[in-house]
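# Working through the structure, step by step
As a plain string of letters, each chain reads:
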Amino acid sequence: MVFAAPNDALARAEGVLDADPSPWHASVAHQVIGIWQRDWGDMRIALHHLRRARDLAARAESADREADALAALGVALVHAGRTQQGLAALERGIERGSGHTRARVLFRRAYARWVLGRHREALEDVRRAIPVLRQVEDVIWTARALTLRATVHLALGAVERADADFTAAEALWDTTGQEHDKADAVESRGLAAFRAGDIPAALRLLDEAEERYAKLGTPTFMLNIRRCEVLMAAGLAREALAEADAAITVLDGIGGQSTRKAELLLAAARAALPAGDAHTAIARADMAVRLFAGQRRGWWEAHARLVLIEARVAAGRSSGRLVADTAAVAERLASFGAPAAPEASLLAGRIALSLGWRADAERHLAVAARSRRSGPPLARMTGWAAQALRARAADSSRGVLEACRRGLDVLDAHRMTLGASELRARATAQGAELAALAQQASVDTGSARRLLVWSERWRATALSAPPTRPPADPELQRHLTAFREIAARAEAARREARPVPALEREQRRLEREIRSRTLHMRGDAPGDGYRFDTGRLLERLGDDVRLVELAVLDGRVQVLLCGQGRVRRFAAGLLAEAEGEAEHVQAGLRRLAHPGAEGRLPIVEAAGRRLQELLLGPAAAHLGEGPVVVVPPARLHRVPWALLPALRERVLSVSPSASSWLRARETEPPPGGRHVLVRGPGLATGGAEVPHLASRYRGSVVLEHADARVPRVLEELDGAALAHIAAHGTFRADSPLFSDLRMADGPLIVHDFERLERSPYRIILSCCDTARFASVGADELLGLVTALLPLGTAGVVASSAPVNDAAVVPLMLALHKGLSEGRSLAEALRDARAALPGDALHQATGWAFSAFGAA
């Protein structure tokens, strides 16, 4: 009962002890309390009760009762870090037990050995136990044994064997009332899905398991550990670190299992590395190593040592001692049959290369490269990264490029199994090293065209296909509607200076629900096999248009100038300096959005000149006289490109990638030419341009006041030729897909736009901060504009900074005048800027807006 209804079992056991029971019954009651405390409470209390259970069993003179109590005590001692005592208790239990009871004790020893990382010994015990449990038709313990055997198979990389055992166990669980074990089976299937490379299914199953545990009121430390692993593979390292640290705090608060604490520390260390916090990774990994060593858990200790070395390398350490230590860890992991062994060999090779030890590097990298042929996607990626480094050490640019191509193809296929745009974007981080190696090899060959191809190969790939839409997810729709209502109520309360903490908590809860459901979606297409074609790009550019793609190598900006049938490369400034200058410009534009800040104008213009030198360098003198398309890296998304002197009076558009610009250029406008004008609430001008635009576009759909509600707005936007939205915009750096435009009934968020069948061909966002993005993954952007581009939008006008509402009105009217005369968005925006008054306020407003795409 303790695993079917834990809290009820605890109460029943305490009731038994209150009734002056016999030693046999008292032993059972103490064992139940001990198991409850062992798995969900205080280990000291657990050990007290389990020792009482053992002693009372001996008094009852029941060998099987004593064997069972010894087994429960042995598992608890192992979890408390007292490994030798625990294994001794289990050994004594096997000696005392017979038949059915002995098989149950063997199962518990197999579990303890799995906890300790002794996987082959665990398999031997569970293989001995299963036939006996099946023979006596013990359904519950047979299902537990199959689940454990599957979990051990997963640890050894045998995914297919694990899947077969999980399937068999699940069929047995369906015949029982063991709710906790059923939840554990769902959790285990989530782990199996993750090992098979299906991250959306893993997240869905782990969330389902958490809901089941919540109904039982039991903590979920093993689930926390597993979800950290999946979140990290999904590129959500900061979330994984927060989850692990929060679980450690809870575990410490209840005096929980020492073994689980060590595993949570390891999960936190692993997450801290991709989160960019090497010092936290060192601290967590070092503590985990010491705990695992004290618990005599060699398999786990080896994994923790690998993470500790990775963290030290990330912190800038490099030495011959580190090479030797990493090689020793790789050998230890290989002896355990751990799938992480190639990762350790790759690290040893990488450190050796940094020291110039080519022979040592080749030896370690050759071992790591073997994993490129089989296994899950990230293991094959490790192998191809090792192969690329081997080729670079051998001065074979061709070999580097081939290995990088193969490795990124693996990651491409994996990425397209993800339905959510956020996961696709974040997954690209795992290909960053391969992309950088390929770009450097391209520079070494002296081919600007080749560098362009590799710059495009791993840039803005999340925009190459629209995110998967659930065909009809009423639960997601319900959450979106509730979120909108709560957010609107919270906004109204803030305006009236009323307290909002309860509303904000509910809003955050709904955000988690919405995000969770979108992360569960699988990709519904394998990708279109698109490959960037430089010749096609140059043909589309013709002789007049120049495309400027900025690549970054070793921290320096490389300008790839495309046009007139060729690609030329120019070296510009340091990326870090350009980022700092862009932040200064943004601060200046924020000041200039308010009257009385005219004195800042010369400072902002000077910053624009410095930005041009850092970002374009000598290429600025070779732009010709025609239109320019700028393709910046993700980290430069906040640059107001129209401020740069060489671009200020040009027809200028911005694109996340050259491929994205080509797709936008070749996108046909929808039939019918429907125009939609939307005016949201609370604007200082009341959206004054909308009535003027309604008279310009006769027959357009105008949504304002109560009509400007999200469902109606989405209905009209779907498939429109032109949409103009005048509304307050909010960018959410913490959660960019919840960036919003305020409508009459609450926020219109990015998740809403992703439900459109086809977003408007052209869309003008007359709002603040709508062109702000979060930089994620290798070179990806998440935000409102990037949500629209894969959905059929060929051109967007949006602002990357706060703007003055009143100054926006004449800019928008002039922009639409150009559009109605047949100009593109970029042409119309250039002319609109020129038509504005020459004061600082209007100039800053013009610079804040950019045209994206090619419409």
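Residues numbered from 1 in each chain as written. Predicted model: local features only at pLDDT ≥ 70, side-chain atom pairs only at ≥ 80, totals over all residues. Heavy atoms only, no water.

Here we take up the overall build of the protein. Looking only at helices and strands, the protein features 37 helices and 16 strands. Relative to the compact-globule value of 29 Å for 855 residues, the protein shows a C-alpha radius of gyration of 31 Å, a close match. Principal axes of the C-alpha set define a box for the protein whose edges measure 100 × 65 × 50 Å. Here the protein holds 855 residues, and the buried ones make up 59% of them. (Helix = DSSP H or I, 4+ residues; strand = E, 2+ residues; numbered from the N terminus. Rg over C-alpha atoms; globule rule 2.2 N^0.38 Å. Buried < 20%, exposed > 50% of the residue type's maximum accessible area, 1.4 Å probe, protein only.)

Counting residues in hydrophobic clusters, the biggest one holds 133 residues, and the most contacted among them are L333 and C404. The contacts of L333, once residues within four sequence positions are left out, are A302, H303, L306, A338, A340, A341 and A344. Of all hydrophobic cores here, the second largest spans 96 residues; its members include L611, V797, A798 and V803. (Core = buried A, V, L, I, M, F, W, Y, C linked by side-chain atoms within 4.5 Å. Contact = heavy atoms within 4.5 Å.)

With that out of the way, let us pick up helix α12 (residues 221-233). Its 13 residues place the ends of α12 19 Å apart at the C-alpha level, agreeing with the 18 Å of an ideal helix rising 1.5 Å per residue. What α12 keeps buried is the set F221, M222, L223, N224, I225, R226, R227, C228, V230, L231, M232 and A233. Following α12 by one or two positions, G235 has its phi on the positive side, about 85°. (Expected span 1.5 Å × (residues − 1).)

This part covers the packing of aromatic side chains. Applying the stated rule across the entire model yields 7 aromatic pairs. Ring geometry for F3 versus W40: centroids 6.0 Å apart, planes at 70°, classification edge-to-face. With a gap of 37 residues between them, F3 in the segment before α1 (6-17) and W40 in helix α2 (residues 23-40) connect regions that are remote in the sequence. The burial state of F3 is the same as that of W40; both residues are buried. Measuring from ring centre to ring centre gives 5.6 Å for F107 and W141, while their planes differ by 85°; the resulting arrangement is edge-to-face. Here the residue F107 occupies a position in helix α6 (residues 99-115), and W141 occupies one in helix α8 (residues 139-155), the gap between them amounting to 34 residues. An aromatic cluster is defined as three or more aromatic residues linked by ring pairs; in this entry it consists of F3, W36 and W40. Here the guanidinium or amino end of R65 rests over the ring plane of W24, the centre of that ring lying 5.7 Å away. R372 extends its terminal NZ or CZ atom over the ring of W384, reaching a point 5.3 Å from the ring centre. (Phe/Tyr/Trp six-rings, centres within 6.5 Å; stacked < 30°, edge-to-face > 60°. Lys NZ or Arg CZ within 6 Å of the ring centre and 35° of its normal.)

Here the focus is the sheet that holds strand β11 (residues 746-749). The strand order across the open sheet built from 3 strands is β9-β10-β11, with neighbouring strands paired in antiparallel fashion. Looking at which strands have only one partner, the edges of the open sheet turn out to be β9 (729-730) and β11. Across the sheet, helix α25 (residues 474-495) touches β10 (740-743) and β11, and the angle it forms with β11 is around 130°. Of the strands in this sheet, β10 and β11 are in contact with helix α32 (residues 710-717), which crosses β11 at around 30°. (Pairing = 2+ DSSP bridges. Axes fitted to C-alpha atoms, helices over the stretch in contact; angles between N-to-C directions.)

What follows deals with the packing of helix α21 (residues 397-415) against helix α23 (residues 432-445). When two helices pack together, their arrangement is given by the angle between the helix axes and by the axis-to-axis distance. The N-to-C vectors of α21 and α23 enclose an angle of 150°; their axes lie 9 Å apart at closest approach. Comparing the axis directions of α21 and α23 gives the class roughly antiparallel. Between α21 and α23 the crossing geometry is left-handed. For the pair α21 and α23, contact is made by S397, V400, L401, C404, G407 and L408 and by L434, A435, L437, A438, A441, S442, D444 and T445, respectively. Each residue belonging to the contact of α21 with α23 can be placed in one class, and the counts come to 9 nonpolar, 4 polar and 1 charged. (Parallel < 35°, antiparallel > 145°, perpendicular 65-115°, else oblique. Left-handed = near helix turned anticlockwise from the far one by under 90°. Nonpolar A, V, L, I, M, F, W, Y, C, P; charged D, E, K, R; others polar.)

One can expect most non-glycine residues to show negative phi and most peptide bonds to be in trans. At E61, a residue that is not glycine, the phi angle is positive and equals roughly 55°. Among the structural elements, E61 can be located in the loop between α3 (43-59) and α4 (63-79). You will see that R296, though not glycine, has its phi angle at about 55°, which is positive. Note that R296 resides in the loop between α15 (278-294) and α16 (298-314). On the accessibility criterion, R296 (46% relative accessible area) is partly exposed.

Enumeration over the complete set of coordinates arrives at 59 salt bridges. The shortest N-O distance in the salt bridge between E66 and R96 comes to 2.9 Å. Separated by 30 residues along the polypeptide, E66 in helix α4 and R96 in helix α5 (residues 83-96) bring together distant segments of the chain. The exposure class assigned to E66 is buried, which follows from its relative accessible area of 11%. Between R321 and D325 there is a salt bridge, with its nearest N and O atoms 3.2 Å apart. With R321 and D325 both in helix α17 (residues 320-336) and 4 residues apart, this pair spans about one turn of that helix. (Salt bridge = Lys/Arg side-chain N within 4 Å of Asp/Glu carboxyl O.)

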